[in-house]
Amino acid sequence: QVQLVESGGGLVQAGDSLTLSCAASGGVFSAYAMGWFRQVRGKEREFVASINAGGSSTLYEESVKDRFIISRDNAKNTVDLQMSSLKPGDTAVYFCAARGGNLRAGRRIGDYAHWGQGTQVTVSS
C-alpha cells in the first residue's frame, strides 16, 4: 500500500512559478503510474497531469499543457509538478495519486487507488 504526501503549495501571484512535490512510501513506486489532480471547493476533482511508471510518457489537461511539467524520480520515489505562468484559475487543492495495476499514464480519476491529502495552491491576480 503506497502512501503519498504532497508539499510545495502556497500563495503566489499571477505569472509566478511553483513546484509541487509528492513523496511516496510503502510500495514499489516504479510500479505505479502517477497523476496530479486538483479540486476547487464545491466542484469535482479534475485531472491535471499524469506520467507513466517509467517516466517516459506524459498526459496533460489542455489548459495546463504548455505551462505545467510533470516528472518523476523513481530512485527518490518522488513525482513533481512544475507550474509556470500561473493564473488565478489554477487556484485549487492539488492532489497526488498513484494508479495501481497499470503502468500507463491516465486521466480517469477512478483508475487511481491511492491519494495524498492535498496541498493548497492560491494564485492571486
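One structure accompanies this document, and this report is about it.

Conventions and cut-offs
- Residues numbered from 1 in each chain as written.
- Predicted model: local features only at pLDDT ≥ 70, side-chain atom pairs only at ≥ 80, totals over all residues.
- Heavy atoms only, no water.
- Phe/Tyr/Trp six-rings, centres within 6.5 Å; stacked < 30°, edge-to-face > 60°.
- Helix = DSSP H or I, 4+ residues; strand = E, 2+ residues; numbered from the N terminus.
- Buried < 20%, exposed > 50% of the residue type's maximum accessible area, 1.4 Å probe, protein only.
- Lys NZ or Arg CZ within 6 Å of the ring centre and 35° of its normal.

1. With respect to the packing of aromatic side chains
Then, in step 1: Taken as a whole and judged by the stated rule, the model has 5 aromatic pairs.
Then, in step 2: With a centroid separation of 5.0 Å and an interplanar angle of 75°, the aromatic rings of Phe37 and Tyr112 are classed as edge-to-face. Placement of the pair is Phe37 in strand S4 (residues 33-39) and Tyr112 in the loop between strand S9 (92-99) and strand S10 (114-115), with a sequence separation of 75 residues. Pair check on accessibility: Phe37 and Tyr112 agree, each one buried.
Then, in step 3: Relative to Trp115, the ring of Phe37 has its centre 5.0 Å away and its plane inclined at 55°; by these criteria the two rings are tilted. With Phe37 in strand S4 and Trp115 in strand S10, the pair connects residues that are 78 residues apart, well separated along the chain.
Then, in step 4: According to the relative accessible area criterion, Phe37 is buried, its value standing at 0%.
Then, in step 5: Here the aromatic residues Phe37, Phe47, Phe95, Tyr112 and Trp115 are joined through ring pairs into a cluster of three or more.
Then, in step 6: In this structure, Arg45 is placed above the aromatic ring of Phe95, and the distance from its NZ or CZ to the ring centre is 3.6 Å.

Fair warning: the whole summary comes from geometry, so function is off the table for now.
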